[in-house]
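# Geometric and topological summary
The lines below spell out each chain.
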Amino acid sequence: MYKNKKISVIFPAYNEEENIANAILDFRKLKIIDEILVIDNNSKDKTNKIAKTKKAKVIKETKQGYGYALRRGLKEAKGDLIFLCEPDGTFLAKDLLKFLKQSEKYDLVIGTRTNKQYISKNANMKGALRLGNVVLARFMQALYRPSVSLTDCGCTFRVIKKKSLKLIYPKFSVGGSFFLSEFTVLSLKNGLSFKEIPIHYRERVGESKITGSLKKSIIVGLQMFKIIITYRFKKIV
């Protein structure tokens, strides 16, 4: 708990047995987390079993897709402040403390993985991938809210107030890997106040299901671009 506010952490998980235990324990060490939800998105390994041994709440989401897993977690979370994170070792739990401080002023706080100072040597955020993230984020910023700063269009690590989530949750429609762009666009479109802050970004444990290859990265980037364009001129009810 943080200043009388309950904190939920959501991990979308598909075959994450290599690091799920470490991810859960990393957040437990902070001693302020009220619940950790592992959304098992049809894992074929021991993700489910390992998460339960670490006393996380495991929820099965049978609709396959990164977005479906995150949306299920957001629906089930009981906290006043709800964090999204990856269980693959790319993020550090201690960065959550910076988010909590900013959450006192903003509805939504989003991490950016594109600040070179925070990118680990072997992290998958360099060259074309990093540039693509920055370009798409700046494009989103220009179309929706030029007064804010956006440098990452798809960072999972973020926190939203539950009361603010209620404004946008019914409007979610994406179940795939480009869900986070829809999340950010809907937040901008519905007037949520938000802040982007740099976070540490490390080498992944295991293979990425979303940007593990150039082809996958390009496909996801195009899907994000489509969301950014269509939602700008589409009435969302």
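To start, this report covers the structure provided alongside it. (Residues numbered from 1 in each chain as written. Predicted model: local features only at pLDDT ≥ 70, side-chain atom pairs only at ≥ 80, totals over all residues. Heavy atoms only, no water.)

Here the focus is the overall build of the protein. Counting its regular elements, the protein contains eight helices and seven strands. Against the compact-globule benchmark of 18 Å for 237 residues, the protein has a radius of gyration of 16 Å, which places it among compact chains. Seen through its C-alpha atoms, the protein measures out along the principal axes to roughly 45 × 40 × 35 Å. With 237 residues in all, the protein has 54% of them scored as buried. Taking all contacts inside the protein whose residues are at least 6 apart in sequence as the whole, residues at least 24 apart take part in 75%. Between the centroid of the 47 positive side chains of the protein and the centroid of its 21 negative side chains there is a distance of 5 Å. (Helix = DSSP H or I, 4+ residues; strand = E, 2+ residues; numbered from the N terminus. Rg over C-alpha atoms; globule rule 2.2 N^0.38 Å. Buried < 20%, exposed > 50% of the residue type's maximum accessible area, 1.4 Å probe, protein only. Contact = heavy atoms within 4.5 Å. Lys, Arg positive; Asp, Glu negative; His and termini not counted. Charge placed at Lys NZ, Arg CZ, Asp CG, Glu CD.)

Attention now moves to the environment of Asn15. Along the polypeptide, Asn15 turns up in the loop between strand 1 (7-13) and helix 1 (20-28). The exposure class of Asn15 is partly exposed, given its relative accessible area of 25%. Linking Asn15 and Asn42, residues 27 residues apart in sequence, is a C-alpha distance of 8.1 Å.

What follows is about helix 4 (residues 96-103). Because each turn of an α-helix spans 3.6 residues, side chains separated by three or four positions in sequence point in the same direction. Residues of helix 4 that are buried: Leu96, Phe99, Leu100, Gln102 and Ser103. Looking straight down helix 4, one finds that the buried residues subtend no more than 165° of arc, so they occupy a single side. Residues of helix 4 that are buried in the fold lie against strand 1, helix 1, strand 4 (81-84), strand 5 (108-112), strand 6 (158-161) and strand 7 (194-198). (Arc of directions from axis to C-beta.)

This part takes up the packing of helix 3 (residues 66-76) against helix 7 (residues 179-189). Contact geometry of helix 3 with helix 7 gives a least axis separation of 9 Å together with a crossing angle of 50°. When the axis of helix 3 is compared with that of helix 7, the two are oblique. Facing helix 3, whose interface residues are Tyr66, Gly67, Leu70, Arg71 and Leu74, helix 7 presents Phe179, Leu180 and Phe183. A breakdown of the residues in the contact of helix 3 with helix 7 according to their chemical character gives six nonpolar, one polar and one charged. (Axes fitted to C-alpha atoms, helices over the stretch in contact; angles between N-to-C directions. Parallel < 35°, antiparallel > 145°, perpendicular 65-115°, else oblique. Nonpolar A, V, L, I, M, F, W, Y, C, P; charged D, E, K, R; others polar.)

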